[in-house]
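# Structural description and commentary
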Amino acid sequence: MSKIKVLLLRGVNVSGANRLPMPEFRQMLLELGLAQIQTHIQSGNAVFVDPAIADLQDKITAAMKDRFGFAPAQFLMDLTEFDAIVAANPYAKQAAADGSNVHIYFLAGPVPAAQISALTNLAKDGEALAQTDRALYLLAPNGLNRSALAAKLETGITVAKTARNVTSAHAIAALARTITL
């Protein structure tokens, strides 16, 4: 059965590293057998129809290594899963005022409690961190670049992760909902 999928890549087109042209990326996904492929901005966000390709994530990894010379961490999920992660945001009220100050860190697995505890102790000036088994939610009311908590989150959390601000997450979900099955 075909399903709408969301693919988030970590660390592409950031400061000139892991250059990934979106037209070539879409073409690569098309060649793997995916359909209705759309990308959002240049940071490795894609939505598409998956006609139930076996080992899709492994195939994407191999194709990226072959075509682009690198394979970043991938976070592949059904649109339903993506929507559930976005909906679980405990800082939705703050995100409604400014979605760029609330970030969702999509996780490859649960974060050890000791790592969360150590980070939570760094929160200042209204910052907050919440966790589910699939995501971390960071409230950084003064912006991500001014957040000591955000800076330490990158090294303090050992689980593979990629972050999107709430504004981008909503845009990715809206783009995925334009796909028809």
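Here goes a summary of the coordinates provided. Here the residue numbers are simple positions, counted from 1 along each chain's written sequence. Residues qualify for local features only when their pLDDT is at least 70, as the model is predicted, and side-chain atom pairs are given and counted only at 80 or more; totals for whole chains, interfaces and linings, by contrast, use all residues. Heavy atoms from the whole structure form the basis of all side-chain values; hydrogens and water molecules are not counted.

### Side note on the pattern of salt bridges
- For this document, the term salt bridge refers to a Lys or Arg side-chain nitrogen within 4 Å of an Asp or Glu carboxyl oxygen. Here the structure, examined in full by the defined rule, presents 7 salt bridges.
- Measuring nitrogen to oxygen at the nearest pair gives 3.8 Å for the salt bridge that ties Asp78 to Lys5. One end of the pair, Asp78, is in strand S4 (residues 74-78); the other, Lys5, is in strand S1 (residues 3-9), with 73 residues separating them in the sequence. Like Lys5, Asp78 is buried. Secondary structure follows DSSP: runs of H or I at least 4 residues long count as helices, runs of E at least 2 residues long count as strands, and numbering of each begins at the N terminus. Exposure categories follow from relative accessible area, calculated using a 1.4 Å probe and restricted to protein chains: below 20% of the type maximum is buried, above 50% is exposed, and the middle band is partly exposed.

### Section: the side chain of Asp50
- Inspection of the secondary structure assignment puts Asp50 in strand S3 (residues 45-50).
- What qualifies as a polar contact is a pair of N or O atoms within 3.5 Å, subject to a donor-acceptor requirement within protein and to the restriction that residues adjacent in sequence count only when both atoms come from side chains. Looking at Asp50, its side chain comes within polar contact range of the main-chain nitrogen of Ala52, at 2.9 Å.
- Polar side-chain contacts of Asp50 include one of 2.9 Å to the backbone nitrogen of Ile53.

### Thoughts on unusual backbone geometry
- Positive phi values are uncommon outside glycine, yet Ile41 reaches one of about 45°.
- By secondary structure assignment, the location of Ile41 is in the loop between strand S2 (35-40) and S3.
- Unusually for a residue other than glycine, Asp125 sits at a positive phi of about 50°.
- Within the secondary structure, Asp125 is located in the loop between helix H5 (113-120) and strand S6 (128-131).
- A relative accessible area of 62% means that Asp125 is categorised as exposed.

### What to know about the packing of aromatic side chains
- Here a Phe, Tyr or Trp ring, Trp counted by its six-membered ring, pairs with any other such ring whose centre lies within 6.5 Å, and the pair is stacked when the planes are under 30 degrees apart, edge-to-face when over 60, and tilted otherwise. Scanning the entire structure with this criterion turns up 1 aromatic pair.
- When the ring of Phe82 is compared with that of Phe106, the centres are 5.4 Å apart and the planes differ by 5°; the resulting orientation is stacked. Of the two residues, Phe82 sits in helix H3 (residues 79-87) while Phe106 sits in strand S5 (residues 102-107), which places them 24 residues apart along the sequence. Each member of the pair, Phe82 as well as Phe106, is classed as buried.

### Regarding the packing of H3 against helix H7 (residues 166-176)
- Orientation is described by axes fitted as lines to C-alpha atoms, over the contacting stretch for helices, and by angles from 0 to 180 degrees between their N-to-C directions. H7 packs onto H3 with a crossing angle of 150° between their chain directions and a minimal axis gap of 11 Å. Accordingly, the angle class assigned to the pair H3 and H7 is roughly antiparallel. With respect to the hand of their crossing, H3 and H7 are arranged in left-handed fashion. Of the residues in H7, those touching H3 at Leu79, Phe82, Asp83 and Val86 are Ala169, His170, Ile172, Ala173 and Ala176.
- Grouping the constituent residues of the contact of H3 with H7 by class yields 7 nonpolar, 1 polar and 1 charged. For classification purposes, angles smaller than 35 degrees are called roughly parallel, those larger than 145 roughly antiparallel, those between 65 and 115 roughly perpendicular, and all remaining angles oblique. Crossings are sorted by hand: turned counterclockwise from the far helix by less than a right angle, the near helix makes the crossing left-handed, and turned clockwise it makes it right-handed. Residue contacts follow a heavy-atom distance rule, with two residues in contact if any of their heavy atoms lie within 4.5 Å. Each residue gets one label: Ala, Val, Leu, Ile, Met, Phe, Trp, Tyr, Cys and Pro are nonpolar, Asp, Glu, Lys and Arg are charged, and the others, such as Gly, are polar.

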